[in-house]
Amino acid sequence: MNSDVAAREVAREQAYVDTVYAQMEKAAASAQQLAQEGLERGRIGNEGGLVERDAMVFQAARRMATLDAAHEGLVFGRLDLRTELDAPPRYIGRIGLRDDAYDTLLIDWRAPAAAVFYQATQHDPQGVVRRRILRSKGVKVLGVEDDLLDAEAETDLPIVGEGALLAQLSRARDRSMHSIVATIQAEQDKAIRAPQKGVVSISGGPGTGKTVVALHRAAYLLYGDRRRYERGGVLVVGPSGVFMRYIERVLPSLGETAVALRSLGEVVDGLRATRREEPSVAEVKGSAAMAEVLRRLARQAVPDAPTEFRVFYRDDNLVLGRRELAQIRRQLLGMGHRNRSTTKVASTLIDALWRRVRSERARERTKEDFVEEMRGRDDFLAFASAWWPVLDAPTVLGWLRDPELLARVGEGVLDDEAVRVLSKSWGSTDPGVEAPALSVDDVPLVDELRYLLGDPPIVNTGSVDDEWLSAADSSLVEVTTASEREYAGHRSWTPPTNRVEDDGFAHVLVDEAQDLTPMQWRMVGRRGRTATWTIVGDAAQSSWPVPEEARRARAEALGDKQVHDFHLSTNYRNSSEIYDFAAAYAERVGLDADLPDAVRSTGVPPLELAVDDLETAVHEQLADLAGSLEGTVGVVVPAARLGEVRRWLASWPEFAGESGSPDSRIVVLPGLDTKGLEFDGIVVVQPQEIEDEASTGRATLYVVYTRATQRMVTLTAR
Ligand SMILES: Nc1ncnc2c1ncn2[C@@H]1O[C@H](COP(=O)(O)OP(=O)(O)OP(=O)(O)O)[C@@H](O)[C@H]1O
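Residues numbered from 1 in each chain as written. Predicted model: local features only at pLDDT ≥ 70, side-chain atom pairs only at ≥ 80, totals over all residues.

**Q** Can you walk me through the overall build of the chain in this structure?
**A** Broken down by element type, the chain carries 28 helices and 21 strands. Taking all 718 residues of the chain together, 44% fall into the buried category. Put simply, of all contacts in the chain between residues at least 6 apart along the chain, 77% involve residues at least 24 apart. (Helix = DSSP H or I, 4+ residues; strand = E, 2+ residues; numbered from the N terminus. Buried ≥ 20, exposed ≤ 12 C-beta atoms within 10 Å, placed from the backbone. Contact = placed C-beta atoms within 7 Å.)

**Q** What am I meant to see in the site of the ligand here?
**A** Contacts to the ligand come from 22 residues, most closely from Pro206, Gly209, Lys210, Thr211 and Tyr572. Breaking the shell around the ligand down by element, the ones donating at least two residues are helix H4 (164-170), helix H6 (210-224) and strand S15 (570-575). Domain assignment of the residues forming the shell around the ligand places at least three in each of domain 2 (192-268 + 503-568) and domain 5 (573-717). (Near = placed C-beta within 6 Å. Domains from an automatic or database assignment.)

**Q** Help me understand the packing of helix H12 (residues 322-333) against helix H13 (residues 342-354), please; the structure alone is not making it clear to me.
**A** The relative placement of two packed helices comes down to the angle between their axes together with the axis-to-axis distance. Contact geometry for H12 and H13: axes closest at 11 Å, N-to-C directions at 135°. The orientation of H12 with respect to H13, classified from their angle, is oblique. The way H12 lies across H13 gives a crossing that is right-handed. Contacts between H12 and H13 involve Glu324, Ile328, Gln331 and Leu332 on the former and, on the latter, Lys344, Val345, Thr348, Leu349 and Ala352. A class-by-class count of the residues in the contact of H12 with H13 yields five nonpolar, two polar and two charged. (Axes fitted to C-alpha atoms, helices over the stretch in contact; angles between N-to-C directions. Parallel < 35°, antiparallel > 145°, perpendicular 65-115°, else oblique. Left-handed = near helix turned anticlockwise from the far one by under 90°. Nonpolar A, V, L, I, M, F, W, Y, C, P; charged D, E, K, R; others polar.)

**Q** Can you help me understand the packing of helix H20 (residues 443-453) against helix H22 (residues 518-526) in this one?
**A** Where H20 meets H22, the closest approach of the two axes is 9 Å, and the angle between their N-to-C directions is 50°. Classified by the angle between their axes, H20 and H22 sit oblique to one another. Between H20 and H22 lies a crossing whose hand is left-handed. On H22, the residues touching Pro444, Leu445, Asp447, Glu448 and Tyr451 of H20 are Met519, Gln520, Arg522, Met523 and Arg526. Its residues assigned to classes, the contact of H20 with H22 comprises five nonpolar, one polar and four charged.

**Q** Is there a simple way to explain the pairing of strand S9 (residues 259-263) in this structure?
**A** Successive side chains on a regular strand alternate, one facing one side of the sheet and the next facing the other. On S9, burial follows the alternation: Val259, Leu261 and Ser263 on one face are buried, whereas Ala260 and Arg262 on the facing-out side are not. Bridging between strand S8 (residues 234-238) and S9 involves five bridges; their strand directions are parallel. In the strand pairing of S9, glycine 238 is matched with serine 263. (Pairing = 2+ DSSP bridges.)

**Q** Whenever I open this one, the UniProt feature "binding site: ATP" (unreviewed entry) in the chain confuses me. Can you help?
**A** When the UniProt feature table is mapped to this numbering, "binding site: ATP" (unreviewed entry) covers Gly204, Gly205, Pro206, Gly207, Thr208, Gly209, Lys210 and Thr211. Topologically, glycine 204 is positioned in strand S7 (residues 199-204). Owing to 23 C-beta atoms within 10 Å, glycine 204 belongs among the buried residues under this scheme. Excluding residues within four positions of it along the chain, glycine 204 makes contact with Lys210, Asp538, His567, Leu568, Ser569, Asp594 and Pro596. Secondary-structure assignment places glycine 209 in the loop between S7 and H6. In contact with glycine 209, not counting residues within four places along its chain, are Ile180, Gln188, Leu568 and Tyr572. (UniProt positions renumbered as here; feature names shortened; annotations may be inferred.)

**Q** Please clarify how the sheet that holds S7 should be interpreted in this entry.
**A** The strands that make up a sheet are held in pairs by hydrogen bonds between backbone atoms, and each pair lies either parallel or antiparallel. Spatial strand order, S9-S8-S12-S13-S7-S14: six strands in an open sheet with parallel pairing. Both edges of this open sheet fall to S9 and strand S14 (563-568), since each of them pairs with a single strand only. Averaged over neighbouring strand pairs, the angle between their axes works out to 15° when direction is ignored.

**Q** Looking at this model, I keep getting lost on the environment of proline 596. Mind explaining?
**A** Mapped onto the fold, proline 596 is located in the loop between helix H24 (576-588) and strand S16 (597-600). For the pair proline 596 and asparagine 339, spaced 257 residues apart in sequence, the C-alpha to C-alpha distance is 51 Å. When sequence neighbours within four positions are dropped, the list of residues in contact with proline 596 reads Gly204, Gly205, Thr208, Ser569, Thr570 and Asn571.

**Q** Explanation requested: the sheet that holds strand S5 (residues 128-137) in the structure shown.
**A** Ordered in space as S3-S4-S2-S1-S5-S6, the six strands form an open sheet in which the pairing is mixed. Looking at the sheet topology across the chains shown, the edges are occupied by strand S3 (97-98) and strand S6 (140-148). Two elements, S3 and strand S4 (residues 104-108), share two bridges in a ladder whose sense is antiparallel. The partner of leucine 97 across the bridge, within S4, is leucine 106.

**Q** Help me understand helix H18 (residues 403-410) in this model?
**A** Owing to its 3.6 residues per turn, the α-helix brings residues three or four apart onto one side. For H18, the complete set of buried residues consists of Leu406, Val409 and Gly410. Seen from one end, H18 has its buried residues packed into an arc of 95°, which puts them on one side. Facing away from the buried surface of H18 by more than 90 degrees, the exposed residues are Glu404 and Arg408. On the buried face of H18, the contacting elements are helix H11 (289-297) and helix H19 (416-426). (Arc of directions from axis to C-beta.)

**Q** Sorry, what's going on with the nonpolar core here?
**A** Here is a general trend for soluble globular proteins: nonpolar side chains tend to be buried in one another's company. Membership of the largest hydrophobic core comes to 156 residues, with the highest contact counts inside it found for Ala218, Val234, Leu449 and Val683. Per element, the largest residue contribution to this core is nine residues, and it comes from H6. Core analysis: the next-biggest nonpolar cluster, separate from the first, contains 14 residues, Leu325, Leu353, Met374 and Phe383 among them. (Core = buried A, V, L, I, M, F, W, Y, C linked by C-beta atoms within 7 Å.)

**Q** Can you help me understand unusual backbone geometry in this one?
**A** The residue tyrosine 102 is not glycine, and still its phi comes out positive at about 70°. Relative to the helices and strands, tyrosine 102 resides in the loop between S3 and S4. A residue is classified by how many C-beta atoms lie within 10 Å of it, and tyrosine 102, with 6 of them, is exposed. Phi at aspartate 304 is positive, roughly 70°, even though this residue is not glycine. Take aspartate 304: there are 9 C-beta atoms within 10 Å of it, and that puts it in the exposed class.

**Q** Got a minute to help me understand the environment of lysine 344 in this structure?
**A** Structurally, lysine 344 is set in helix H13. Judged by local crowding, lysine 344 falls into the partly exposed class, with 18 C-beta atoms found within 10 Å. The spacing of lysine 344 and leucine 332 is 12 residues in sequence and 7.7 Å in space, taken between C-alpha atoms. Ignoring sequence-local partners within four residues, the contact set of lysine 344 consists of Leu332 and Met335.

**Q** Sorry if this is basic, but what is going on with the pairing of strand S12 (residues 507-510) here?
**A** Judged by which residues are buried, S12 turns out to be covered on both faces: His507 and Leu509 on one side and Val508 and Val510 on the other are all buried. Pairing between S8 and S12: four bridges, direction parallel. What sits directly across from leucine 235, in S12, is valine 508. This β-α-β element, S12 to H22 to strand S13 (residues 532-537), shows right-handed connectivity. (Right-handed = clockwise from strand over helix to strand, strands pointing away.)

Have a look at this one:
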């Protein structure tokens, strides 16, 4: 192919792209002007709606320019259609744009008119003669890549380039995932544009684009029904903070910011846990048995609450002792959620006391007199609020730090070993011993309790129960301090403030779904009762040891929603040499893996080294990879060696400053933290130890082996 032709085509496309940017500037300027005028006039009418929309286009475009300048540009595609060969070509972009005459300059990639850009193939060209991808950096077009889809069409369109996809796949990686709008493949497009009802479940082996496809689907849904999804909210749940940081730019680069990205430790409003439990602890805390344990816990008497109330009324000595109080507690629990019942506590206690009135002098008075007197007594109100305080979930979870109580509520559902493991994880209750900060696996337990306890009634001053409500209200202050005292160590989280009724979203997207524990499914499920869902995962990468239990929990979370399955079959991440190695490992250790085709070959197989001195070997291999690759390098270690290897890096001058910040090119991380991520080069330190660290260690090591795009080295000490 003639390079003059290529240069001429690039220049032509540049002219068009320039027109698009010029139009965008114009739209932005007029949006700003209108917004200013609107502000000055101090009112927003219909015009305001338009201003808002234009301003949004402007904001979106500006964000894209800054976030993704190095990747696909604003205008990335062009279609020349058979039936419209004489008509202007269709240009596809990240957003839609019209010119002054209201003619389309750029079609949003999510619009129906753009679908054919992704779905047409040589086998089924759907009227497309030539599909062109524009490669740009910022506003500059660097090159074009064409596919001739309809060889039989009579055309003199030049065909330039050698395949945009491979160019895209071979690029150097940085610490962020980028959008793939220009090169979405047909099978991926089907999942992205799937009808919005029910659940879209996307499966596929490593590197098949499950994550990136799911994110594009979220953008697609927002485009299709913005009102619904922006108002109701879109929740994206992923395995870890590192992973959320890795994917956080994709949606803004598609112009979408109305999405809540949360790792599993942050799903509950107001809580933020990052600490991960050891596998044996996570296994117990995540198991479905905990739901029953917590159900029982939420019915227990408040530890340290008064166990008796006495009052002298006229000639009667009225007493509510342990037995009576236990009975009243059961009666109140039968009336609904515990916190909701705070308004009924005073009257229920007063009824019970009134039933004990015997003396003549007391009988001279009416029950109304009695009620009035009791409600006026400070000792009664103090007793009622101490005996039945408004409870917050972390405080109640903190009750389980008492081993005796834990054993009681765990009877028949937790074995002795599970009780021991839990007790150890929550720590001693001895005075002066701080409780550990909330872990990722504690969060679903807190959430479960929030729902079991219910929201406290909203305090409505001026109501009949004013006095009691203000007593309940004052106990709210106590709640916070109690939870701090009982449960929080150093505070890596804040007590929940939001009400359970505010938890629901319009769409819930769960990534790495194979790893959700049953308790996590329950937590996420509560947020999507009326939502549409996207669920992506790969069973072979699962680090949850009881798949059957997790499957049941998932089915319960989804209820009777219809599930639409999509399967992705091409690995776009790993070189075929690296993926062959990983697939052989999966087969050897008996993982039932879904093996995709890896399309890109580098000619460099992974290197397996047995070494005498691990530290020296890590240094050498890291230096080699960092020197020869342009992008990111990960050093993946057994969790137990994390501190040690980080110290090594800090002691090597050329890497000392490298591994700390979220943007640094070199990262040291334990096997489990590599889920969902990718690096150009990987050094795997002591793979056998990674495998031995948990009962699901083989799946973790398989994940590790499928992270590198270009080169991988494994190091084993002799
Ligand atoms: N159509 C595409 N065009 C360009 N790049 C793509 C395409 N599809 C996927 N990729 C790239 O392949 C890599 C893997 O994608 P992604 O992380 O979404 O896969 P995954 O299936 O979620 O992987 P895993 O299950 O292993 O975590 C990413 O770099 C992504 O950008």
